Amino acid sequence: MSVEPMTIATLMQKNPQAQTAYNWVGVLEFLHDQHKQLQYKECDWAIEKSQLQSKINELEGNIKGLERIVSDYGKRVKMLEIALRQERLKYQSGGQSNDAIGLLLRENIDTNQIQNFQTIPKRKAKPYRPLLHKILQEVGISHIFSPPGSPKMDTSNRPSILLTPNQNIAIQNSGRQSPTNTTTIFPSHSRNKSQNLNEEQYKDPIQHVSTLRNHLDGVWDVFFFNHLPILTSISEDCQVKLWDISNLNQQQQIEPYLTLRDHTGPIFAVTGIEASSKLRGQQNFILSAGNEGVIKLWGFPTPDDEKFDSMGPTEEYQSVRCSWSAHQDAIWQLETSPLQNLFLSSGADSKIKLWSVQDILMGNTKEVAIFGQKNQYNHFVDSPTAITWLQTQNNFAAGFVQAPSLCVFDIETGRITSNIKYANDQVGQINSIQSHPSQNQLMTAHDDGRVRLFDLQTQKVVQNFQCGQDSVNSVISNLSGSLIYVACDTSLKAWDMRKMAFIQDLQPHEKKYDECIHKLVHHPNQNLFASCGADGQIKLFRSKYS
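No experiment lies behind these values; they were computed from the predicted model shown. (Residues numbered from 1 in each chain as written. Predicted model: local features only at pLDDT ≥ 70, side-chain atom pairs only at ≥ 80, totals over all residues. Heavy atoms only, no water.)

*Asks:* Before we go on, may I ask you to explain the overall build of the chain in this structure?
*Replies:* Helix and strand counts for the chain stand at eleven helices and 30 strands. Buried positions account for 40% of the 546 residues belonging to the chain. Summed over all atoms, the accessible surface of the chain reaches about 32,900 Å², with 51% contributed by carbon and sulfur. (Helix = DSSP H or I, 4+ residues; strand = E, 2+ residues; numbered from the N terminus. Buried < 20%, exposed > 50% of the residue type's maximum accessible area, 1.4 Å probe, protein only. Areas by Shrake-Rupley, 256 points an atom, 1.4 Å probe, with all protein chains shown as cover.)

*Asks:* When you look at the pairing of strand β23 (residues 460-466) in this model, what are you seeing that I'm missing?
*Replies:* With six bridges joining them, strand β22 (residues 450-455) and β23 adopt antiparallel strand pairing. Bridge pairing links Arg452 to Asn464 in β23. The turn joining β22 and β23, which pair antiparallel and follow one another in sequence, is formed by four residues; a positive phi near 55° is taken by Gln459. (Pairing = 2+ DSSP bridges.)

*Asks:* Looking at this model, I keep getting lost on the side chain of Ser435. Mind explaining?
*Replies:* On the secondary structure map, Ser435 appears in strand β20 (residues 430-435). Filtering out sequence-adjacent residues up to four positions away, Ser435 remains in contact with Thr388, Trp389, Leu390, Gln391, Gln441, Leu442 and Met443. (Contact = heavy atoms within 4.5 Å.)

*Asks:* Is there a simple way to think about the sheet that holds strand β10 (residues 331-336) in this case?
*Replies:* Two strands in a sheet stick together by hydrogen bonds in their backbones, pointing the same way (parallel) or opposite ways (antiparallel). Read across the sheet, four strands follow the order β10-β11-β12-β13 without closing on themselves; strand pairing throughout is antiparallel. Every other strand in the sheet has two partners, leaving β10 and β13 (369-371) as the edge strands with one partner each. On average, adjacent strands in this sheet sit at an angle of 20° to one another, irrespective of strand direction. Both β10 and strand β11 (residues 342-347) contribute to a ladder of five bridges, which runs antiparallel. Looking across to β11, one finds that Ile331 is bridged to Gly347. (Axes fitted to C-alpha atoms, helices over the stretch in contact; angles between N-to-C directions.)

*Asks:* Before we go on, may I ask you to explain the packing of aromatic side chains in this structure?
*Replies:* The relation between two aromatic rings is expressed through the spacing of the ring centres and the mutual angle of the planes. Throughout the structure, instances matching the rule amount to 17 aromatic pairs. Seen from their ring centres, Tyr485 and Phe529 are 4.4 Å apart, and the 15° between their planes marks the pair as stacked. Of this pair, Tyr485 sits in strand β25 (residues 483-488) while Phe529 is found in strand β29 (residues 528-533), placing the two residues 44 residues apart along the sequence. Among the aromatic residues, those joined into a ring-pair cluster are Phe371, Trp389, Phe396, Phe400 and Phe409. For the cation-ring pair, Lys493 lies above Phe502, with the distance from its terminal atom to the ring centre recorded as 5.3 Å. (Phe/Tyr/Trp six-rings, centres within 6.5 Å; stacked < 30°, edge-to-face > 60°. Lys NZ or Arg CZ within 6 Å of the ring centre and 35° of its normal.)

*Asks:* Explain the pattern of salt bridges here, please?
*Replies:* Opposite charge on two side chains permits them to pair, given that their charged atoms come into close proximity. In the structure shown here, the tally under the stated rule is eight salt bridges. A salt bridge links Asp489 to Lys511; the nearest nitrogen and oxygen atoms lie 3.5 Å apart. A residue pair is termed long-range when its members are at least 10 positions apart, and Asp489 in the loop between β25 and β26 (491-496) and Lys511 in the loop between β27 (501-506) and β28 (517-522) qualify at 22 residues. (Salt bridge = Lys/Arg side-chain N within 4 Å of Asp/Glu carboxyl O.)

*Asks:* It is not clear to me how the environment of His327 should be interpreted in this structure. Could you clarify?
*Replies:* Looking at where His327 falls in the secondary structure, it is placed in the loop between β9 (322-325) and β10. The buried category is assigned to His327, whose relative accessible area is 4%. Here the alpha-carbon distance between His327 and Lys353, two residues 26 residues apart in the chain, equals 8.7 Å. Not counting chain neighbours up to four residues away, the residues in contact with His327 comprise Gly293, Ser345, Ser346, Gly347, Asp349, Lys351 and Lys353.

*Asks:* What is the right way to read unusual backbone geometry from this model?
*Replies:* Negative phi is the rule for most residues except glycine; trans is the rule for most peptide bonds. Of note, the phi angle at Cys238 is positive, near 70°, even though the residue is not glycine. By secondary structure assignment, the location of Cys238 is in the loop between β3 (230-235) and β4 (239-244). Here the phi dihedral of Asp489 falls at roughly 55°; this positive angle occurs in a residue that is not glycine.

*Asks:* Would you mind going over the environment of Asp455 with me for this structure?
*Replies:* As for its position among the elements, Asp455 is in strand β22. Put simply, Asp455 and His436 are 19 residues apart on the chain and 9.9 Å apart in space, counted from C-alpha to C-alpha. Contact partners of Asp455, with chain neighbours within four places excluded, come to Ile420, Asn440, Gln441, Lys460 and Val462. Within the structure, Asp455 has its side chain in polar contact with the side chain of Thr458 (distance 3.4 Å). (Polar contact = N/O pair within 3.5 Å; in protein donor to acceptor, adjacent residues only side chain to side chain.)

*Asks:* How should I be thinking about the sheet that holds β25 in this particular structure?
*Replies:* Read across the open sheet, the four strands follow the order β24-β25-β26-β27; overall the sheet is antiparallel. Of all strands in the sheet, those with a lone pairing partner are β24 (472-477) and β27, marking the two edges. This sheet shows a mean twist of 20° between the axes of neighbouring strands, independent of strand direction.

*Asks:* Even after reading the chapter, I still don't get a nonpolar patch on the surface, so can you show me in this structure?
*Replies:* Together, Val27, Leu28, Phe30 and Leu31 give the surface a local cluster of nonpolar side chains, amounting to about 400 Å² of exposed area. Among the structural elements, Leu28 can be located in helix α3 (residues 24-92). We classify Leu28 as exposed; its relative accessible area is 56%. (Patch = residues over 30% accessible without salt bridge, like charges linked within 9 Å, V, L, I, M, F, W, Y side chains within 5 Å.)

What follows is the structure, given as structure tokens:
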């Protein structure tokens, strides 16, 4: 049986439909179209490749240009460093040149003549060393004979006279025999030494401890608990953060162990309530408020709670225990009473409201009383700028925008018991009020760059000092009231009440949108205070003196 060979002609004869569907012309046209599309794609790829290559060349050129600029800046920095070193050496030598050999050569002094001078034996040259050192100090080139790391002698309290070797030896012998002879020759040395020691004791009392960085926007307020090692902070990022500050001495940077989120706007005020026998449930609470006009009550665990895991889920702690609309506008400040279970809230609606902690825990969110400046129609007309509780009385003080006076309110009657005026016009509104820890006095920070100290007994301003040209945002004192800390623009200053002068000036925060330090808060019973910055940082400081 023979097999017929299969050819294209036989296939087309067996399948007439294929003959009508496929022909040579159609196949050639199809291949031609595919070749055209492939060429178009290759052209597009080539154009895109050339564009990307041009971008790469441009970026490489920019990089090379930046490298040249950086190298040029590096050379200039090195030149400036060399010039700075030369100027520093010049000022250290009192304006004299440090090259003693060059001076000798410029004065055309023959070195052979110097060698011909009679040399003095070491035993006999010893008494002349103080005289030589004194002469070099007078000239200003004594450092060229001392090693670089050796301390320089302080000659500010010594007489500027040149002594002969015999006089110097007599002074040394008299100093060995009787100290009183030394004081007669240098009458101001011992007195100035004790004065310098006393000044050194009170120099730079503020010491930076730690920086808390976790907020995404400006920090407006913090709160220290009295007996708990916890710091609570609030910010414009709508978050309430709790920090464990029990190990500040061991670690410089700490992270918050709990973050509470429920506010929908910036938060401006925070305060806390510690558990006591008067409160139901023996729990600790946090109160926060801000731009919403709403006060929120939070419960929180302590860092040493065995049930709490800071690295685990915290959904059960995110729920607010109580939330209520307290003011019709933003709330600027919350203050807890140190004597009773009461707290105050001041808002932009020109009202100061008094709240009972016990009523809030029982579900009653009605205020106890309302305070403020009223007009003849019994309407609240002036917005409070700062409030604080008095340490010696169960009353509170407040400052307002329009009234240039400090008002003290009685919470029992709701009336103003004291109205102390500090100016005749409306300049210098009160930004912060701090009660003196041991005296019946109040410290206030003003817009006119001043800090005023009010005596509540005489109802007068007893002290008034200028801090700067800018507004003073906050003022606090240490536990004894001997030091006053002032936040003025970008500066944190320490005012000594004994010297009546500023003894330290720091720049702890960076400026942001013309704002820097929002508030200063001191710990109620520890030598520790915090500064809240517009840069989203919290700086913790300690003072050498409580």
